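A look at the structure
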Amino acid sequence: MFSVVAQHQLQLDASTSDKALKLQLSQHLSQMPRRMDRLALLTLLLAVPFRGQLKPGCGIYLAADYPSLANMYALLDTVVVQQQLPKPFEFVNSVSNAACFYAAQMLQLDGPNMFIGAGREPWQALAELAYADLHGNVVPEALLIRCLQGNNQLSGEAVQLRAGNWQPVQWQFSEFAAAPR
């Protein structure tokens, strides 16, 4: 099934501002993308440790149990309450796959990328998507990312996979993190 190449976890204080996230990210990037939402910032912070070690055709598979809440509220306020057309930033970032686009751009990847809205345990769904692409020779490797926000947490996990012989049993990040390398 899989071979785990590397993994990364990130735990931040839930009250961390977007400005602080941008400052932390700017320590790793010479040029920051513009108009990113909180989901994109967290995704980039989870992806940056993999920069330079991924093959160009690597796929990105992102799961979050939330959309960008601030953008969704702004979009709904503009469209429903104010009955106006949304601003381009509100509209583009309301499509959560924008976070994948920013990660692919930063990592210089041209493989497929996708976002799924997920519940408490998204690892099986992410891994099944990656499995199909890895074993169908669509991608040479996969970067799976999970972002969590809310309930006093701002965190995430990421794992780099290739096709191999290892298979998780419980489909939790802790298994991927402890898998033989």
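The following paragraphs examine the structure supplied in this document.

The rules behind these values
- For every chain, the first residue of the written sequence is number 1, and numbering continues from 1 onward in sequence order.
- Where totals are concerned, whole chains, interfaces and linings use all residues; where local detail is concerned, this predicted model gives features only for residues with pLDDT of at least 70, and gives and counts side-chain atom pairs only at 80 or more.
- Just so you know, side-chain values use all the structure's heavy atoms and leave hydrogens and water out.
- Axes, fitted as lines to C-alpha atoms, cover a helix only where it is in contact. Angles between the N-to-C directions of the axes lie from 0 to 180 degrees.
- To qualify as a helix, a DSSP run of H or I must reach at least 4 residues; to qualify as a strand, a run of E must reach at least 2; elements of each kind are numbered from the N terminus.
- For any helix crossing, the convention is left-handed if the near helix is rotated counterclockwise from the far helix by under a right angle, and right-handed if that rotation is clockwise.
- Any two residues having at least one pair of non-hydrogen atoms within 4.5 Å are treated as being in contact.
- Gly is placed with the polar residues, together with every amino acid not listed as nonpolar (Ala, Val, Leu, Ile, Met, Phe, Trp, Tyr, Cys and Pro) or charged (Asp, Glu, Lys and Arg).
- Only one rule defines a salt bridge in this text: a Lys or Arg side-chain nitrogen within 4 Å of an Asp or Glu carboxyl oxygen.
- Only protein chains enter the accessibility calculation, which uses a 1.4 Å probe. A residue is then buried if its area is under 20% of the maximum for its type, exposed if over 50%, and partly exposed in between.
- Any two strands are treated as partners once DSSP identifies two or more bridges connecting them.
- If an angle is under 35 degrees, it is roughly parallel; if it is over 145, roughly antiparallel; if it lies from 65 to 115, roughly perpendicular; otherwise it is oblique.
- Take the buried Ala, Val, Leu, Ile, Met, Phe, Trp, Tyr and Cys residues and link them wherever side-chain atoms come within 4.5 Å; each set so joined is a nonpolar core.

Describing the packing of helix α2 (residues 38-47) against helix α5 (residues 98-107)
Packing of α2 against α5 leaves a shortest axis separation of 9 Å and a crossing angle of 35 degrees. In this structure, α2 crosses over α5, and the sense of that crossing is right-handed. Facing Leu39, Ala40, Thr43, Leu44 and Ala47 of α2, the residues of α5 in contact are Ala99, Tyr102, Ala103, Met106 and Leu107. Across the contact of α2 with α5, the residue classes break down as 9 nonpolar, 1 polar and no charged.

A few points about the pattern of salt bridges
Considering all chains together, one arrives at 3 salt bridges under this definition. For the salt bridge of arginine 38 with aspartate 18, the shortest nitrogen-to-oxygen distance reads 2.6 Å. Of this pair, arginine 38 sits in helix α2 while aspartate 18 sits in helix α1 (residues 18-26); the two residues are 20 residues apart in sequence, bridging distant segments of the chain. The residue glutamate 141 makes a salt bridge to arginine 162 at a minimum N-O spacing of 2.8 Å. Of this pair, glutamate 141 sits in the loop between α6 (123-135) and β4 (142-150) while arginine 162 sits in strand β5 (residues 153-163), and the two are 21 residues apart along the sequence. For glutamate 141, a relative accessible area of 0% puts it in the buried group.

A look at the sheet that holds strand β1 (residues 2-12)
Across a sheet, strands are paired by hydrogen bonds formed along the backbone, either parallel or antiparallel in direction. The 5 strands lie next to each other as β1-β5-β4-β2-β3, forming an open sheet whose pairing is mixed. Taken across any chain shown, the strands that pair with only one partner, and hence form the sheet edges, are β1 and β3 (113-117). Adjacent strand axes in the sheet meet at a mean angle of 15 degrees when their direction is disregarded. Direction of pairing for β1 relative to β5: antiparallel, over a ladder of 10 bridges.

Looking at unusual backbone geometry
We note that glutamine 83 has phi near 50 degrees; this positive angle belongs to a residue other than glycine. Mapped onto the elements of the fold, glutamine 83 is located in the loop between α3 (69-81) and α4 (88-94). Classification of glutamine 83 by relative accessible area gives exposed; the value is 69%. Unlike most non-glycine residues, glutamine 108 shows phi in positive territory, near 55 degrees. As for its placement among the helices and strands, glutamine 108 is situated in the loop between α5 and β3.

Details of the packing of α1 against α2
Running from N to C, α1 and α2 cross one another at 30 degrees; their axes reach a closest spacing of 10 Å. Comparing their axes, α2 and α1 come out roughly parallel. As α1 runs across α2, the sense of the crossing is left-handed. For the pair formed by α1 and α2, the contact residues are Asp18, Leu21, Lys22, Gln24 and Leu25 on the first element and Arg38, Leu41, Leu44 and Leu45 on the second. A per-class count over the contact of α1 with α2 returns 5 nonpolar, 1 polar and 3 charged.

Section: the nonpolar core
Ranked by size, the top nonpolar core spans 36 residues in total, and within it Ile60, Leu107, Leu143, Ile145 and Cys147 carry the most contacts. Looking at this core, the elements with two or more residues in it are β1, α1, α2, β2 (59-64), α5, β4 and β5. Setting aside its immediate chain neighbours within four residues, isoleucine 60 contacts Cys100, Ala103, Ala104, Leu107, Leu109, Pro112, Asn113, Met114, Leu143 and Ile145. Core analysis: the second largest hydrophobic core is formed by 21 residues, Val4, Tyr61, Val139 and Leu144 among them.

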